[in-house]
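# Tertiary structure, described
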Amino acid sequence: MPTITFANTKGGAGKTTVALVLAAELAQRGLRVALLDTDPQQWITRWHRLSEKPANFTVVSNVSEETIEQEVKTLGKKMDYVIIDVAGGVTPLLAKSIGLSERVMIPVQGCAMDAAGAAQVLEILRELAAQCDIRIAHSVVLTRINSIITTRALMAVKALLAEQQVHVLETALIERAAYRDMFVTGGTLHTMEAERVSNLDKAQENARLFAEEVMSLVPMKVAKAKTAKADGAKAKATKAPKTESAKQRKAA
Ligand SMILES: Nc1ncnc2c1ncn2[C@@H]1O[C@H](COP(=O)(O)OP(=O)(O)O)[C@@H](O)[C@H]1O
Ligand SMILES: [Mg+2]
């Protein structure tokens, strides 16, 4: 069943939060969800230790470049959705994860730095298409958006994405304490106590709309040529570190 990778090469862009919000929301609907933690910092795993563990919500820790393909293959047979949380940086694991996905979600906060991190992910997607003829659907999801003010930075990011014809989800994740608190208290928006978390109902509604939009974009049953994609991603994965070191040399 479909695999979705959350990617932005910049740390702090909101990947882990958005991935968890989506996974929890899908599990809340009774779907079988696996959330793969590939980040060495293991934020999802830390959250999981603090949280109740519904039977239909599986967290897989310490997923590596070596194990990801097998994990996705095995879980894909048992789960309704497989969601992958990737660390920042341009890595072979990121390329591989992208190659195994039906759709890549790129969280972007309304600031220029994030847009640069998103551009690197878009570049990997373009290279996969050009070099391996693998076209992976992708969308930007705007996050940490101020619920009242549309900032100039956000408008600039939106304009830039529209110019590049990048699909942007209609539902943006709003800046909400509830999304931060999940990692402190454990649990999900549905197990938190409303009197302890401000605007919990608004966060729940926001997450519901977000999950519905993702489900409409990535329905549970998707026809796919996974093997071809994984092979192409492998080729790309072996190239990724070279590209990065070349860039670093150039920058030095
Ligand atoms: N919608 C949001 N509302 C409030 N805080 C958020 C939101 N999205 C992310 N954050 C906070 O921003 C920080 C970075 O988010 P995180 O998901 O860890 O990013 P990444 O995984 O890309 O490094 C965290 O402290 C997280 O709690
Ligand atoms: Mg993260």
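Figured I'd write up the structure that's included with this text. Note that the coordinates shown come from a computational prediction; the quantities given were computed from them, not determined experimentally. (Residues numbered from 1 in each chain as written. Chains lettered and ligands numbered in written order. Predicted model: local features only at pLDDT ≥ 70, side-chain atom pairs only at ≥ 80, totals over all residues.)

## Comments concerning helix α1 (residues 15-28)
Test applied: The way it works is that DSSP assigns letters per residue, a run of H or I at least four long becomes a helix, a run of E at least two long becomes a strand, and they are numbered from the N terminus. A helix is expected to span 1.5 Å multiplied by its residue count minus one.
Helix length check: α1 (14 residues) gives 20 Å between terminal C-alpha atoms against 20 Å at 1.5 Å per residue, within 8%. Immediately beyond the C-terminal end of α1, within one or two residues, lies G30, with a positive phi of roughly 90 degrees.

## With respect to the site of ligand 1
Spelled out, the test is: Defining nearness, a residue is near a molecule or strand when the C-beta atom obtained from its backbone falls within 6 Å of it. When residues are sorted by character, Ala, Val, Leu, Ile, Met, Phe, Trp, Tyr, Cys and Pro go into the nonpolar class, Asp, Glu, Lys and Arg into the charged class, and all the rest, Gly among them, into the polar class.
Taken together, 16 residues form the shell around ligand 1, and within it K15, T16, T17, Y179 and R180 come nearest. Of all the elements in the fold, those that place two or more residues in the shell around ligand 1 are α1 and α7 (177-185). Looking at side-chain class alone, the shell around ligand 1 contains four nonpolar, seven polar and five charged residues.

## Concerning the sheet that holds strand β4 (residues 81-85)
Convention followed: Only strands that DSSP links by at least two bridges are regarded as paired with each other. Lines are fitted to the C-alpha atoms to define the axes, a helix being fitted only along its stretch in contact, and any angle between axes, read from their N-to-C directions, falls within 0 to 180 degrees.
Spatial strand order, β3-β2-β4-β1-β5-β6: six strands in an open sheet with parallel pairing. Two strands lie at the open edges of the sheet, namely β3 (57-60) and β6 (137-143), each paired on one side alone. The mean angle between the axes of side-by-side strands here comes to 20 degrees, regardless of whether they run parallel or antiparallel. In this sheet, β3 lies alongside strand β2 (residues 33-37) in parallel orientation, the contact comprising four bridges. In the sheet register, A34 faces β3, and the bridge partner there is T58.

## Details of the nonpolar core
Selection rule: Working definition: the nonpolar core is a set of buried Ala, Val, Leu, Ile, Met, Phe, Trp, Tyr and Cys residues, joined through C-beta atoms within 7 Å. Exposed residues have 12 or fewer other C-beta atoms within 10 Å of their own C-beta, buried residues have 20 or more, and residues in between are partly exposed; the C-beta atoms are placed from the backbone. Each residue gets a C-beta atom placed from its backbone, and two residues are in contact if those atoms lie within 7 Å.
In terms of nonpolar packing, the biggest core is built from 67 residues, with L22, A23, V33, L35, V82 and I83 touching the most fellow members. It is α1 that provides the largest number of residues to this core, a total of nine residues. Excluding residues within four positions of it along the chain, L22 makes contact with I83, F210, A211 and V214.

## Thoughts on the packing of α1 against helix α8 (residues 200-217)
The condition that has to hold: An angle below 35 degrees is treated as roughly parallel, one above 145 as roughly antiparallel, one from 65 to 115 as roughly perpendicular, and anything else as oblique.
Interhelical geometry of α1 versus α8 gives an angle of 85 degrees and a closest axis separation of 9 Å. In terms of their interaxial angle, α1 and α8 are classed as roughly perpendicular. Between α1 and α8, the residues in contact are V21, L22, E25 and L26 and A207, R208, F210, A211 and V214, respectively. Its residues assigned to classes, the contact of α1 with α8 comprises seven nonpolar, no polar and two charged.

## Digging into the pairing of strand β1 (residues 3-6)
Two faces belong to every sheet, and in a regular strand the side chains alternate between them. Side chains of β1 alternate between two faces, with T3 and T5 and I4 and F6 buried alike. By the bridge criterion, four bridges tie β1 to β4 in an arrangement that is parallel. When the bridges of β4 are listed, T5 appears paired with I84. Taken together, the three bridges between β1 and strand β5 (residues 103-109) define a ladder with parallel strand orientation. Residue F6 lies in a different strand from β5, and its bridge partner there is M105.

## Quick look at unusual backbone geometry
With phi around 55 degrees, Q42 is a residue other than glycine that occupies positive phi space. Tracing the backbone through its elements, the reader meets Q42 in the loop between β2 and α2 (43-50). By C-beta crowding, Q42 is classed as partly exposed, having 17 other C-beta atoms within 10 Å. A positive phi angle is found at D133, which is not glycine, with a value near 55 degrees.

## A few points about the environment of S61
Note that S61 resides in the loop between β3 and α3 (68-78). A residue is classified by how many C-beta atoms lie within 10 Å of it, and S61, with 15 of them, is partly exposed. Considering only alpha carbons, one finds S61 and W43, 18 residues apart in sequence, at a separation of 9.6 Å. Not counting residues within four places of it along the chain, the set of residues in contact with S61 comprises D37, Q42 and T45.

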